[in-house]
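Structure at a glance
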Amino acid sequence: MAKPAIIECPTCQHKVSTTATSCPSCGAVLRKAKRGIFGKLVIFAFWAFNILMVLWIWGGTQGAVQSQAGMSGAEAAGAAIGTGIGVTILIFVWLIGAIILGIMALLTRPK
Ligand SMILES: [Zn+2]
């Protein structure tokens, strides 16, 4: 096993591991934390997924409102219930996806 490399903090000369992003003694920033390419992809996927879900739910509810024109009361009620179930499933899928991507973003965060 290789010994962890030690550097001196330029501000307080405290011995700091090279894996540290800031000095544990004085808090000086030693290097900028960088996200790997996979971490960047996860962040990108997280945002793209959220935007996609918003558009999907918005598009779904818009379509349902339009299709209710010309329906009888019972048909409109049925369509509304169907939309309600559909949106609930979409929000559920959204939640699961957001949790998975959120955990992945946490796991790939800069060390
Ligand atoms: Zn320091």
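Refer to the structure presented above.
My aim in this report is to walk through the structure given alongside it, one point at a time. (Residues numbered from 1 in each chain as written. Predicted model: local features only at pLDDT ≥ 70, side-chain atom pairs only at ≥ 80, totals over all residues. Heavy atoms only, no water.)

**Observations regarding the coordination of the zinc ion**
Within the protein, Cys9 (SG), Cys12 (SG), Cys23 (SG) and Cys26 (SG) serve as the donor atoms for the zinc ion, at 2.2 to 2.3 Å. Classification of the site at the zinc ion rests on its four donor atoms, whose angles at the metal span 108 to 111°, yielding the label tetrahedral. Look at cysteine 9 and you get buried, because its relative accessible area is 1%. (Donors = N, O, S within 2.8 Å, 3.2 Å for Na, K, Ca; no water. Tetrahedral: all angles 85-135°; square planar, octahedral: opposite > 155°, others 65-115°. Buried < 20%, exposed > 50% of the residue type's maximum accessible area, 1.4 Å probe, protein only.)

**What to know about the environment of valine 93**
Positionally, valine 93 belongs in helix α2 (residues 73–107). Taking the C-alpha atoms as reference points, valine 93 and methionine 53, separated by 40 residues in sequence, lie 8.9 Å from one another. Among all residues touching valine 93, those that are not within four sequence positions of it are Phe49 and Met53. (Helix = DSSP H or I, 4+ residues; strand = E, 2+ residues; numbered from the N terminus. Contact = heavy atoms within 4.5 Å.)

**Some details on the environment of valine 54**
Counting through the fold element by element, valine 54 comes out in helix α1 (residues 37–67). Of the residues examined, valine 54 reaches a relative accessible area of 44% and is grouped as partly exposed. Through-space distance from the C-alpha of valine 54 to that of leucine 90 is 9.6 Å; in sequence the pair is 36 residues apart.

**Details of the nonpolar core**
Counting residues in each nonpolar core, the largest one holds six residues, listed as Phe49, Met53, Ile57, Val87, Leu90 and Leu101. Of all the secondary-structure elements, those providing two or more residues to this core are α1 and α2. If we skip the residues at most four places from it in the chain, valine 87 touches Ile57 and Thr61. (Core = buried A, V, L, I, M, F, W, Y, C linked by side-chain atoms within 4.5 Å.)

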